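Architecture and fold: a report
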Amino acid sequence: MTRKRESVTAVSQSASDPAARRKSSSSPVERVTAVEMGARQREISVSEFFTKNRHLLGFDNPRKALLTCVKEAVDNALDACEEAGILPDVTVRLEVVPIDGTTPPASQATRFRVTVTDNGPGIVRQQIPRIFAKLLYGSKFHRLRMSRGQQGIGISAAGMYAQLTTGKPVRIISRTGPRAAAHFFEVQIDTKKNEPLVHESKQIEWDQLRGTQVALEIEGRYQKGRASVDEWLEQTSIANPHAKLTYYTPEGEIKEYVRAYHELPPSPREIKPHPYGIEFGMFLKMLQETKSHTVAGFLASDFCRVSPQSAEQMCREAKVSPQMKPRDLKGAVAETLYRTIQNTKLMAPPTNCLSPIGEKAILSGLYKQIKGEFYTAVTRPPAVYRGNPFVIEAGLAYGRRPEEHDTTAKPAVPKAEGEQVEDDVELARVIRYANRVPLLYQQSACATFKAVLGLSWKNYGVAQSRGALPAGPMVIFVHMASVWVPFTSESKEAIADYDEIHKEITLALRECGRRLGLYLRRRERAASEYRRRNIFELYIEEVVEACSRLKGGKVPKEKLKKQLQHIALSRTGGTKTDEVLGKTGEGPEGLPHSIIVTEDGVESKTAGASEAGETVKVDESSPGAAKRAARIRRGATV
Amino acid sequence: MTIKTKKPGSVEKKLVGLADLVIQAAERSKDPTLQIPIRALSNVSFNERKGMIEMGDKKQARSFFNVGMAKKFMQTMLVADALAELQRAELTTSLREIYYRTKHTIRDSHENTFDTQDESDPIIEDLEVSLAALREELHVRAENAGSIVGPVVFGDDGDRVDCSKLGKGGYSVPSIVEPEYLEIRRCTADFVLLVEKGTQWNRLSEDKFWRRYNCILLTGNGQPPRGVRRLARRLHEEQRLPIYVLVDNDPWGYYIYSVVKQGSINLAFESQRMAIPKAKFIGLSSADPERYGLPRNVGIKLNDKDVARAKELMNYQWFKKPAWQAEIKRMLASGLKYELDALANKDFQYLTKQYLPRKLRERDWLD
């Protein structure tokens, strides 16, 4: 059976098979010689490859393409600002491009101009064309350092997409400082050669003193809601509370995401690769390219966590002379050395190459963008997968703001028979980040999402159906910071599910869940006591009225009511309930790295912190928080 | 409508007593608590001598300051208030009207005092038992869900009702049939046939079965309401008429018979007014299909609920008689139940012309 099938597929090569011959006689096959075939075989440039496979880079459909363009430009802007030590101030402007003189409404439009401006360090004139119009060109691929971009594909791919759909070049303005001139460029990609084509290059007047502006004209679709530009920017602002984002929507609105945190994240250091994270092929390549003259020197200088002593010891163990020239190390010997290294106990890679967002910043980001009543954040200690250090951070925002209850609560309408108050079974929302960049697509393929599903939220007082997200008004924040985030595809949509990563995410979520559980239980206990008393208070009125009517109105109603209320108070928690509920002015007990919002204000205490922390004013211009004196008290860092 | 009560104000006094109880408890800083007799199998016993179910004296406390009972307590007070209002105004009303009268939204909340009638009905029963007042005394009436036809003359609100001259529709049995409300002026019948279903009652009435056999035909359309049961009891007691019960051959039919005969578990305290210990079970017996040649295909397979219920019945003390144990066992063994309607399989008038005449001739009934 299998043999027959093989012979059919081999039709063009072997015509001796009878079955194949019958086939070829019915539909004659054109014979091609190896020489002719050879003439057709030629190199494919990356640009050509990605032109045909643009879905690999996140340009599958017009809606996603619009988001990808914004994302690539904003990522670059933030990376540049942070590397230069500048607090980012990024403006995103989406405009509808008129077609045949008419401007369709944003929801109907098919062409957009995306303009992203930053206050970053700018780009030197010579590099501009290649950065924006050459694929796989960039500063971030060859070093192990945490950054948003990794491969140097992003913005040039966006430019290529623009070129493909509208034929318009990418327009760039960049200025490196007040004394330098602003340069204006119009560039396109020569897709065959993967080289930039410069259409226009001149000096212009620019009102901005420093920074870069990229403008792309693309085919796209603007739609609000899930996985939209709006959502992406909102999530970006949660994970980057140090950045100020201004967003001009295509509908003419201006959305401002204010800076909630005034410190730049510590600049991540560049590190050398850790031996555990290197594959054999890579190891061989490094042997060829090293500047060291000896194998031992190569090991000690080109890798992190390998001391000269341990390098020599490893060489001895693998029966390789430490003085050997690295270029001469080949084949089986090299493999023995590689295995020896993998089996040697080494320190985990240094983690100063990572720049986690930090619990305080996550809290202020969540607090700024999400209206909840309980917030918490956890930053895990660094861990390692395949020799790459990474840090997992998780956060939670739970509940609805007290003031929201008031605005949504309708006046008590008497309920008819069969009518019930409808419970909304809203599921939690997971917001995922890799190196501070929100991930909006392929949620279910992502390690973070799997970890959220895998956790038994019921333990923390949150309802969860089998195999589903936990239910409740809750936003779950998960961030992975790493020098190399293992994405499942080039379009960077989901984090691969490595065991080490999954475990860390679970641990972080568990801690968040534990704190949420404590908060919920405490709240529940107080509320149930309160409800108990409330029940009695409600019914006392009814009972007193009924008694009074039964007695023909000859009852001292007020006295009876007081007596019953007194019994009620003594039989429920009494004044203790008020305390637990925070009614007597004392705030609810704080949990580490958490914020609790009550009707009276915002409480955030760091457990065990004795010194009074700095008081940071949470932005008051953000909707909802405007009127309340919303202050976050921060304790000392633990 | 004029209403006379035996002891004027006695029921009202009992109702007002509830308010006193609350006031006194409040005065002493005590939790107001009502003692309500338990209406369940655990609190009834079968009095073999009298042949009826009697209620025990187990009571359940209903306290106000108990989260689980607070609402019920409040509801009890509201219903008591509504019942007292009826007493004062000398009006009768239905269960459903009580529900509407007492339903309102509690001040400053989304909560209603009652959400459905299912909440207010048991409270009325609670009050009946705990105040030892009959439902009629509380001025609550049920639907007129029964019919009667036959040689009997009633006096109802001064009107003469001759049940032999009411065509095939008969007289609709009121829910309150106490002598003050319904008077039996004349009765020449020999027995009473209490039929479970309206269909068979109609058949018998249409065929003038009552004239031929000089009997009273009575139906309660399913589980007979109080009015029907009380009327049967009065005919039995005052006119010395034997009562025969004709029901479906299934556990529910058996239970209807047992309620007529010994009283119900839920309202065991009313047995002494309602139960007819000498009532006889005339059919449909599990022996009948064979005896009357009913084909197996007109039977219905017993479902799990039926089987469970039948086994439950066998454990009731009042079904312990050997004949009854055999009767139920036979049904379980056959695995089938039969409706009265199945008799039509043989002939439309089989019930009137063959089945009942033979039953009466052979004196084939169970006690």
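Just so it is clear, the model here is predicted, and its values are computed rather than measured.

1. Focus on the overall build of chain A
Secondary structure assignment for chain A yields 18 helices and 18 strands. Burial statistics for chain A: of 638 residues in total, 42% are counted as buried.

2. Description of the overall build of chain B
A count of helical and extended segments in chain B gives 13 helices and 17 strands. Burial statistics for chain B: of 367 residues in total, 40% are counted as buried. A fraction of 71% describes how many contacts in chain B between residues 6 or more apart in sequence connect residues 24 or more apart.

3. Topic: helix 4 (residues 117-131) of chain B
Residue and element names in this part refer to chain B. Taking 1.5 Å per residue, 15 residues should reach 21 Å; helix 4 reaches 21 Å between its end C-alpha atoms and fits that length. Of the positions making up helix 4, those classed as buried are Ser120, Ile123, Asp126, Leu127, Glu128, Val129 and Leu131. Buried positions along helix 4 lie against helix 1 (10-27), strand 1 (33-37), helix 2 (67-89) and helix 3 (95-102). Looking one or two residues beyond helix 4, the residue adopting positive phi is alanine 132, at roughly 50°.

4. Digging into the environment of glycine 372 of chain A
All names here are of chain A. Within the secondary structure, glycine 372 is located in the loop between helix 13 (359-369) and strand 9 (374-379). You can call glycine 372 buried: it has 20 C-beta atoms within 10 Å. The sequence separation of glycine 372 and isoleucine 595 amounts to 223 residues, and the corresponding C-alpha distance is 9.5 Å.

5. Considerations on helix 7 (residues 154-165) of chain A
Residue and element names in this part refer to chain A. Taking 1.5 Å per residue, 12 residues should reach 16 Å; helix 7 reaches 17 Å between its end C-alpha atoms and fits that length. By the criterion of burial, helix 7 is predominantly enclosed, with 10 of the 12 residues buried. The inward-facing, buried residues of helix 7 abut helix 4 (46-52), helix 5 (62-83), helix 6 (128-133), strand 3 (170-175), strand 4 (182-190) and strand 6 (211-219). Looking at the residues trailing helix 7, positive phi occurs at glycine 167, about 75°.

6. Digging into the interface of chain A and chain B
Taken together, the contact pairs 26 residues of chain A with 31 residues of chain B. Of all the elements in the fold, those that place two or more residues in the side of chain A that touches chain B are helix 16 (499-550) and helix 17 (557-571) of chain A. Tallied by class, the residues present in the side of chain A that touches chain B amount to 16 nonpolar, two polar and eight charged.

7. Focus on the sheet that holds strand 8 (residues 254-257) of chain A
What holds strands together in a sheet is hydrogen bonding between their backbones, with the strands either parallel or antiparallel. Residues and elements named next belong to chain A. In space, the eight strands of this open sheet follow the order 5-4-3-6-2-1-7-8, with mixed pairing throughout. Only two strands of the sheet have a single neighbouring strand rather than two, namely strand 5 (195-204) and strand 8. The average undirected angle you get between the axes of adjacent strands in this sheet is 15°. In this structure, strand 1 (residues 89-96) lies alongside strand 7 (residues 244-248), joined through five bridges in parallel fashion. If you follow valine 92 over to strand 7, its bridge partner there is tyrosine 247. Its contacts with the sheet place helix 8 (residues 229-239) against strand 1, strand 7 and strand 8, and it is angled at close to 170° to strand 7.

8. Re the sheet that holds strand 8 (residues 152-156) of chain B
Residue and element names in this part refer to chain B. The sheet built from three strands is open, its strands ordered 9-8-11 with antiparallel pairing. Strand pairing shows two members of the sheet lacking a second neighbour, strand 9 (159-162) and strand 11 (182-187), which therefore form its edges. Averaged over all pairs of adjacent strands, the angle between strand axes in this sheet comes to 25°, irrespective of strand direction. By the bridge criterion, four bridges tie strand 8 to strand 9 in an arrangement that is antiparallel. Bridging across to strand 9, valine 153 finds its partner in aspartate 162.

9. Topic: the pairing of strand 3 of chain A
The two faces of a sheet get side chains in turn, since along a regular strand they alternate between them. All names here are of chain A. With six of its six residues buried, strand 3 lies for the most part within the structure. On strand 3, burial covers both faces: Val170, Ile172 and Ser174 on one face and Arg171, Ile173 and Arg175 on the other are all buried. One ladder, built from five bridges, connects strand 3 with strand 4; its direction is antiparallel. If you follow valine 170 over to strand 4, its bridge partner there is valine 187. Linking strand 3 back to strand 4 in an antiparallel pair, the connection comprises six residues. Of the strand pairs in this sheet, strand 3 and strand 6 are connected by five bridges, and their pairing is antiparallel. Paired with serine 174 across the strands is threonine 212, a residue of strand 6.

10. Regarding the pairing of strand 11 (residues 388-398) of chain A
Residues and elements named next belong to chain A. Within strand 11, 11 of the 11 residues are buried, leaving the element largely enclosed by the surrounding structure. Both faces of strand 11 are covered, namely the face carrying Asn388, Phe390, Ile392, Ala394, Leu396 and Tyr398 and the face carrying Pro389, Val391, Glu393, Gly395 and Ala397. In terms of strand pairing, strand 9 meets strand 11 through six bridges, oriented antiparallel. By the bridge assignment, phenylalanine 374 is partnered in strand 11 with tyrosine 398. Examined bridge by bridge, strand 10 (residues 383-385) and strand 11 share three bridges and lie antiparallel to one another. Across the sheet, residue valine 384 finds its bridge partner in strand 11, namely proline 389. In sequence, strand 10 turns back onto strand 11 through a hairpin of two residues, with arginine 386 there showing a positive phi of about 40°.

11. Regarding the nonpolar core
Counting residues in each nonpolar core, the largest one holds 137 residues, and the members touching the most others are Cys69, Val70, Ala73, Val114 and Phe477 of chain A. If one sorts the elements of this core by residue count, helix 5 of chain A sits on top with 11 residues. Other than its neighbours up to four places away in sequence, cysteine 69 of chain A contacts Val114, Ala158, Tyr161, Leu216 and Ile218 of chain A. Within the second largest apolar cluster, 52 residues are counted, among which are Ala189, Leu246, Ile256 and Tyr355 of chain B.

12. What about the confidence of the model for chain B?
Low-pLDDT stretches of the model should not have their predicted coordinates read in fine detail. Predicted confidence across chain B gives a mean pLDDT of 89, with 98% of residues reaching 70 or more. Within the model, the stretch residues 1-8 of chain B combines pLDDT values under 50 with five contacts to residues more than four positions away or in other chains.

13. Points about the environment of glycine 155 of chain B
Residues and elements named next belong to chain B. Position of glycine 155 among the secondary structure elements: in strand 8. On a C-alpha basis, the gap between glycine 155 and isoleucine 184 in space is 6.4 Å, while along the polypeptide they are 29 residues apart. Setting aside its immediate chain neighbours within four residues, glycine 155 contacts Arg160, Glu183 and Arg185.

14. Examining the confidence of the model for chain A
Residues and elements named next belong to chain A. Confidence in the prediction of chain A, expressed as mean pLDDT, is 79, and 81% of residues score 70 or more. Throughout residues 582-590 the model reports pLDDT below 50, and contacts reaching past four residues in sequence, or to other chains, amount to 20 contacts. Contacts from residues 605-638, a stretch scored under 50 in pLDDT, to residues over four places away or in other chains number 58 contacts.

15. What about unusual backbone geometry?
Omega for the peptide link from glycine 283 of chain B to leucine 284 of chain B comes to -10°, which places this bond in the cis form. Positive phi values are uncommon outside glycine, yet arginine 436 of chain A reaches one of about 70°. Here arginine 436 of chain A shows up in the loop between strand 12 (429-434) and strand 13 (437-439). On the neighbour-count criterion, arginine 436 of chain A (25 C-beta atoms within 10 Å) is buried. For alanine 132 of chain B, which is not a glycine, the phi torsion comes out positive at approximately 50°.

16. What to know about the packing of helix 16 of chain A against helix 2 of chain B
Axis separation between helix 16 of chain A and helix 2 of chain B bottoms out at 9 Å; the angle between their running directions is 15°. Regarding the angle of helix 16 of chain A to helix 2 of chain B, the classification is roughly parallel. The interaxial crossing formed by helix 16 of chain A with helix 2 of chain B has left-handed handedness. When helix 16 of chain A is examined against helix 2 of chain B, the residues Arg532, Ile535, Phe536, Tyr539, Glu542, Val543, Ala546, Cys547, Arg549 and Leu550 of chain A are found in contact with a partner set consisting of Val67, Ala70, Lys71, Met74, Met77, Leu78, Ala80, Asp81 and Ala84 of chain B. Looking at the contact of helix 16 of chain A with helix 2 of chain B, its residues break down into 14 nonpolar, no polar and five charged.

17. Some thoughts on the packing of helix 11 (residues 304-315) of chain B against helix 12 (residues 322-334) of chain B
Residue and element names in this part refer to chain B. For the pair helix 11 and helix 12, interaxial distance at closest approach is 10 Å and the crossing angle is 165°. By the angle between their axes, helix 11 is roughly antiparallel relative to helix 12. In terms of crossing hand, the pair formed by helix 11 and helix 12 is left-handed. Contacts between helix 11 and helix 12 involve Val307, Ala310, Leu313 and Met314 from the first element and Gln325, Ile328, Met331 and Leu332 from the second. Residues of the contact of helix 11 with helix 12, tallied by class, amount to seven nonpolar, one polar and no charged.

The rules behind the values
- Residues numbered from 1 in each chain as written.
- Chains lettered and ligands numbered in written order.
- Predicted model: local features only at pLDDT ≥ 70, side-chain atom pairs only at ≥ 80, totals over all residues.
- Helix = DSSP H or I, 4+ residues; strand = E, 2+ residues; numbered from the N terminus.
- Buried ≥ 20, exposed ≤ 12 C-beta atoms within 10 Å, placed from the backbone.
- Contact = placed C-beta atoms within 7 Å.
- Expected span 1.5 Å × (residues − 1).
- Nonpolar A, V, L, I, M, F, W, Y, C, P; charged D, E, K, R; others polar.
- Pairing = 2+ DSSP bridges.
- Axes fitted to C-alpha atoms, helices over the stretch in contact; angles between N-to-C directions.
- Core = buried A, V, L, I, M, F, W, Y, C linked by C-beta atoms within 7 Å.
- pLDDT = per-residue confidence, 0-100.
- Parallel < 35°, antiparallel > 145°, perpendicular 65-115°, else oblique.
- Left-handed = near helix turned anticlockwise from the far one by under 90°.

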